[in-house]
Amino acid sequence: MKIFLLALMLVVSCCGVRAQDLAVVNAKVYTSPDSPPVNKASVLIQAGKITAVGRHLTIPPGVKTLPCDGCVVLAGFWNTHVHFMEPKWADAAHLPAEQLTRQLQEMLTHSGFTTVVDLGSDPSNTIALRRRIESGEVAGPHIYTAGIPLYPKDAIPFYLKDAPPSVVAMLGQPATPAEADTLVKRNIALGTDVVKLFTGSILTPSHVVPMRLDIVRAAVEEGHRHGQLVFAHPTNLEGTRVAMEGGVDVLAHAPENLAGIDDAFIAQLVAHHMVMIPTLKLFSQDADIANIRAAVKRFHQLGGPLMFGTDTGFLADYDMGEEYRQLSLAGLNYREVLAMLTTSPAQRFRVSEHKGRVAVGMNGDLTILSADPASGDPSAFTQVRYTVRNGRVIYRSH
Ligand SMILES: [Zn+2]
């Protein structure tokens, strides 16, 4: 019996358990984007859930405490636009766990991301990666995935033309609403969570092909029938308009080509309850970047919700500093950026009861910085000291 128990404990401690106990003591804690910080506060996580937050907490004996002088504790960050499509993720089902953990740290968890949304990759691979993370074998963020995106017929973007033919062959190009419906069903059958459409596909740098409205509608209807959010890559006015009229929920980028996109049109996007992921770093070399920032700010001023996302994984440079700098240049303050990273995506994904705030009952997902974003320096968001998911430290800076 003893041997059996010991074996069980070894199994439990080596793998399979990701929910842990942890105490973060004597830190500055932002419980939500619109609450004042609590100084010298502690956060207690038990069995992966936050069980106490505040000053003068009694930490039960045996609970691991993080050395955390000067720590600034925030709810775990989301990145709502990433991709697991680089060759290093291939065969995620069989790569060594330590390698996957390291790759996830380099790409995502070193920036504090505890939840990410993959907007296009091979679903069989990404779902294998997710399974290994959720089993506790690999330390990483929670992954939502779109699986295979849908493109307009004969309009694969020029920047994907050099992808391996096997990858290009996989990309969905529905010619009819029925085909769109089938492709969405196929993704969902593999275990995907959201739908991704290229409603404005960049065939060549000067030629953007919009998706047919009836095809957008069919894909959106099927996604919504399964309770899924639908994301679109809009590119220009036409690609944004078909997304809006077709019922798409989230613009996966700010429109990059602003011709014809005026305040009245932006107000229509807001009236259609659309959400926008700015991805400003991606456009930071555009001559028009100041106007793209202005369009993001206008959308937000008119009541449009924003979510943080960067196209990381399509962008091979994993540094987040430029995105935070651009959001600051767009006129968003640190509380607005924090909402983009936490409460806003949690609300859209209907998981606000578990994620987005540091409060009792929430998942023990924390992003712990060594600098305070309230300082006004946007790079504070990149000074990640620990990333904690379900009470488990999945990244530490040293
Ligand atoms: Zn992307």
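Residues numbered from 1 in each chain as written. Predicted model: local features only at pLDDT ≥ 70, side-chain atom pairs only at ≥ 80, totals over all residues. Heavy atoms only, no water.

### Comments concerning the confidence of the model for the protein chain
Stated precisely, the cut-off is as follows: Confidence scores per residue from the predictor, reported as pLDDT, run from 0 to 100. Contacts between residues were defined by any pair of non-hydrogen atoms, one from each residue, lying within 4.5 Å.
Averaged over every residue, the pLDDT of the protein chain is 94; residues scoring 70 or more account for 95%. Contacts from residues 1–17, a stretch scored under 50 in pLDDT, to residues over four places away or in other chains number 5 contacts.

### Topic: the packing of helix H6 (residues 213–225) against helix H7 (residues 237–246)
Cut-off, in case you're wondering: To get an axis, fit a line to the C-alpha atoms, keeping to the stretch in contact for a helix; angles then go from 0 to 180 degrees between the N-to-C directions. Secondary structure follows DSSP: runs of H or I at least 4 residues long count as helices, runs of E at least 2 residues long count as strands, and numbering of each begins at the N terminus. For classification, angles of less than 35 degrees are called roughly parallel, those exceeding 145 degrees roughly antiparallel, those between 65 and 115 degrees roughly perpendicular, and all remaining angles oblique. With the far helix as reference, a near helix turned anticlockwise by less than a right angle produces a left-handed crossing, and one turned clockwise produces a right-handed crossing.
Between H6 and H7, the shortest axis-to-axis distance is 9 Å and the interhelical angle comes to 45°. Compared by their axis directions, H6 and H7 come out oblique. Every pair of crossing elements has a handedness; the one defined by H6 and H7 is right-handed. Counted together, Leu213, Val216, Arg217 and Val220 of H6 and Val242, Glu245 and Gly246 of H7 form the full contact between these two elements.

### Some details on the UniProt feature "domain: Amidohydrolase-related" (unreviewed entry) in the protein chain
Definition in use: UniProt positions are given in the numbering used here, feature names are shortened, and annotations may be inferred rather than shown by experiment.
Those places that UniProt annotates as "domain: Amidohydrolase-related" (unreviewed entry) correspond, in this numbering, to residues 72–393. When the span residues 72–393 is considered, its composition is 34% helix and 16% strand, and the gap between its end C-alpha atoms is 15 Å.

### Some words on the sheet that holds strand E9 (residues 195–197)
Filter applied, for reference: Any two strands with at least two DSSP bridges between them are considered paired.
An order of E9-E12-E13-E14 is seen for the 4 strands of this open sheet, with the pairing classed as parallel. Two strands close off the open sheet at either side, each with one partner strand: E9 and strand E14 (275–276). Bridge analysis of strand E12 (residues 230–232) against strand E13 (residues 250–251) gives 2 bridges, and the strand direction is parallel. Counted as the bridge partner of Phe231 is Val250 from E13. Along the sheet, H6 contacts E9 and E12; its crossing angle with E9, the most-contacted strand, is approximately 170°.

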